[in-house]
Amino acid sequence: MIQVSRPKIAILGAGYGGIMTAARLQKEMGSNEVEVTLVNKHDYHYQTTWLHEPAAGTMHHDKTRIMIKDVIDMNKIKFIKDTVVEVKPDEKRVILSNGELEYDYLVLALGFEPATFGIKGLKENAFSIRSVNSVRKIREHIEYQFASYNNEADRRDDLLTIIVGGAGFTGIEFVGELAERVPELCKEFDIPRDRVKIINVEASPTVLPGFDEELVEYGMNLLERKGVEFRTSTMIKEVTEDGVILGENEEVKAATVVWTGGVQGNSIVANSGFETNRGRVPVRKDQRTPDYDNVFVVGDCALLINEEIDRPFPPTAQVAIQAAGAVSKNLLNLVRGKELESFTPDIKGTVASLGKGEAIGKVGNKKLYGSTASAMKKVIDNRYLFMLGGPGLVWKKGKLKLF
Ligand code: FAD
Ligand code: NAD
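Residues numbered from 1 in each chain as written. Chains lettered and ligands numbered in written order. Predicted model: local features only at pLDDT ≥ 70, side-chain atom pairs only at ≥ 80, totals over all residues. Heavy atoms only, no water.

Q: Tell me what's going on with the side chain of S328, and back it up with residues and numbers.
A: Mapped onto the elements of the fold, S328 is located in helix α9 (residues 317–335). Beyond its immediate sequence surroundings of up to four residues, S328 is in contact with T21, R24, L25 and E28. (Helix = DSSP H or I, 4+ residues; strand = E, 2+ residues; numbered from the N terminus. Contact = heavy atoms within 4.5 Å.)

Below, the structure is given as structure tokens:
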């Protein structure tokens, strides 16, 4: 029997965009229609949207992890655990740390990395909330500072000072978790709560710039009551081994600096020669790159313009998951010689957690506060698990206690 070679699809990255593209393809492709390979650094997918919790130590990082083999049928989709080093789009090849991969169609889904804006000392001296490995380091580091405090003759307060740089959604969700965790750490390490400082520094005049003012006020008041100090209209200019240098050359000593000041697309994309803007590819309406008809981009590596306001959609899991549906469909359209469809994100709303049982959010025109918003956030999280792995995954990894 003559074996006809099937078109090869390679998906790089198994975050929201990549794993959902693979999951949708495995459902929708015909048997023997295409050969799909998924490449990821780890053999697990993690819930990036939960990472502020293990970073603070309010959740174990294993709860955020889902083994790829548990949600992807390895008989239908080939999985390679490896690190992408470079893509050579003109040669239709991907260079991995331990080999190479050839493709006919490619999906770039390598996610985000911290945007450092050239701030001196940031890369060397600040932590970032980016992956399971990065947040494990933050939690361990903070615990070590607390454990060290009573061992130092002069009881240095900077050991107990945590600076969070940037009060966008990541910064706010992280200080919300820290406010929960710090009283536990104080108890564990015999430290008075008033020695500990959580300082959230924000360059804009307000935290969560652009978000609903009433909700922002509610969130700020709540977090201030829990001991978070906000420094708005204040730029972090430099991060040193001892802390940060702020706007007017003010030094704040802190043993822990966590940068949540913005993200950009994975630099592998720009380094591979794709056209980018802050690391993100300005994709066509069908999610393909401007230059390559066989390369799609999904998630935080894609720059999508919201035509209603002529500004980019913020890079979110919500958009990545929706775009994955469109990309999987368009991949099969392309293979089948059909017309490709346009994709426009349908933004349902935004909900930000503020620690245990508290959140703020806007869903449609409705504003949500407190425990209602917090329950809504858990419903959103569980819905994703349901889409990826059905009720079994919700049961295993979901946030089942809504209130
Ligand atoms: P990612 O989730 O970053 O996944 C990228 C994948 O690629 C990872 O699995 C990684 O291991 C893999 N990878 C990276 N580099 C390589 C390489 N070289 N080789 C192989 N594999 C590689 N958005 C929302 O919509 N709602 C929220 O509530 C929300 N909360 C958030 C909370 C936090 C703390 C953070 C940091 C972000 C949050 N976001 C939220 C934003 C959201 O997490 C991102 O938009 C989303 O993760 C983007 O998905 P992605 O698939 O593009 O990338
Ligand atoms: P962001 O870009 O949204 O916020 C970064 C913040 O840092 C901004 O407010 C900015 O003014 C500030 N900043 C930048 N440089 C600074 C400096 N030198 N000094 C002080 N402040 C500085 O980034 P993010 O919060 O990491 O969010 C990334 C993406 O993930 C966004 O699209 C966001 O919507 C999404 N996200 C969503 C949720 C949610 O829906 N609950 C949670 C987290 C993240």
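Q: Before we move on, could you go through the packing of helix α1 (residues 16–28) against helix α10 (residues 370–397) and cite the residues and values that matter?
A: The contact between α1 and α10 brings their axes to 10 Å, and the two run at 40°. In terms of axis orientation, α1 runs oblique to α10. Note on element contacts: α10 touches α1 through Y384, M387 and L388, opposite Y16, I19, M20 and A23. For the contact of α1 with α10, the class distribution of residues is seven nonpolar, no polar and no charged. (Axes fitted to C-alpha atoms, helices over the stretch in contact; angles between N-to-C directions. Parallel < 35°, antiparallel > 145°, perpendicular 65-115°, else oblique. Nonpolar A, V, L, I, M, F, W, Y, C, P; charged D, E, K, R; others polar.)

Q: Please set out the packing of α1 against α9 residue by residue, giving values where relevant.
A: Axes are the key here: two packed helices are described by the angle between their axes and the distance separating the axes. At a closest axis distance of 8 Å, the pairing of α1 and α9 adopts a crossing angle of 40°. Two packed elements cross with a definite hand, and for α1 against α9 that hand is right-handed. Packed against α1, whose contacting residues are Y16, G17, M20, T21, R24, L25 and E28, the element α9 presents A317, A320, I321, A324, G325, V327, S328, K329, L331 and L332 at the interface. Looking at the contact of α1 with α9 residue by residue, the class counts come to ten nonpolar, four polar and three charged. (Left-handed = near helix turned anticlockwise from the far one by under 90°.)

Q: Describe the pattern of salt bridges, with residues and values.
A: Taken as a whole and judged by the stated rule, the model has 28 salt bridges. Between E53 and K399 there is a salt bridge, with its nearest N and O atoms 2.9 Å apart. Of this pair, E53 sits in helix α2 (residues 52–56) while K399 sits in the segment after α10, and the two are 346 residues apart along the sequence. Side by side, E53 and K399 carry an identical accessibility label, which is buried. R65 is paired through a salt bridge with D62; the nearest N and O atoms lie 2.7 Å apart. Classification of R65 as buried rests on a relative accessible area of 18%. Through salt bridges with shared partners, one network takes in R284, D286, R288 and D293. (Salt bridge = Lys/Arg side-chain N within 4 Å of Asp/Glu carboxyl O. Buried < 20%, exposed > 50% of the residue type's maximum accessible area, 1.4 Å probe, protein only.)

Q: Would you mind going over the side chain of D212 in detail, with residue names and values included?
A: Mapped onto the fold, D212 is located in the loop between β13 (197–201) and α7 (213–225). D212 gets classed as buried once you look at its relative accessible area, which sits at 16%. Side chain to side chain, D212 and K367 meet in a polar contact 3.1 Å long. For D212, the residues in contact, after removing those within four places along its chain, are K362 and K367. (Polar contact = N/O pair within 3.5 Å; in protein donor to acceptor, adjacent residues only side chain to side chain.)

Q: So what's going on with the sheet that holds strand β26 (residues 359–363)? Residues and values would help.
A: Strand order in this open sheet of three strands is β25-β26-β27, and the pairing throughout is antiparallel. Only two strands of the sheet have a single neighbouring strand rather than two, namely β25 (349–353) and β27 (366–369). The mean angle between the axes of side-by-side strands here comes to 10°, regardless of whether they run parallel or antiparallel. Bridging between β26 and β27 involves four bridges; their strand directions are antiparallel. In the sheet register, V363 faces β27, and the bridge partner there is K366. Where α10 meets the sheet, its contacts fall on β25, β26 and β27, and the angle it forms with β27 comes to roughly 100°. (Pairing = 2+ DSSP bridges.)

Q: Explain the site of ligand 2 to me, using residue names and the numbers behind them.
A: T170, E202, I236, P315 and V351 are the nearest of the 26 residues found near ligand 2. A distance of 3.2 Å separates an oxygen atom of ligand 2 from a polar atom in the backbone of F169. A203 is positioned such that a nitrogen or oxygen atom in its backbone is 3.1 Å from a nitrogen atom of ligand 2. With the chains in place, 78% of the 850 Å² that ligand 2 exposes on its own is no longer accessible. Elements represented by at least two residues in the shell around ligand 2 include exactly α6 (169–189) and β25. Here the shell around ligand 2 is built from residues that sort into 13 nonpolar, ten polar and three charged. (Near = heavy atom within 4 Å. Areas by Shrake-Rupley, 256 points an atom, 1.4 Å probe, with all protein chains shown as cover.)

Q: Break down α9 for me, citing the residues and quoting the values.
A: For the α-helix, the turn length of 3.6 residues means that residues three or four positions removed from each other point alike. Under the 1.5 Å per step criterion, the end-to-end length of α9 is 27 Å for 19 residues, consistent within 8% with the ideal 27 Å. Counting buried positions over the 19 residues of α9 gives 14, a clear majority of the element. The positive-phi residue at the C-terminal boundary of α9 is G337, with phi of around 70°. (Expected span 1.5 Å × (residues − 1).)

Q: Which residues make up the packing of aromatic side chains, and what are the values?
A: The full count for this structure, using the stated rule, is five aromatic pairs. Centroid distance Y218 to Y369: 5.0 Å. Interplanar angle 70°. Geometry classified as edge-to-face. Here Y218, found in helix α7, pairs with Y369, found in strand β27; they are 151 residues apart in sequence, far enough to count as distant. Take Y218: its relative accessible area is 27%, and that puts it in the partly exposed class. (Phe/Tyr/Trp six-rings, centres within 6.5 Å; stacked < 30°, edge-to-face > 60°.)

The values are spatial; any link to function lies outside them.
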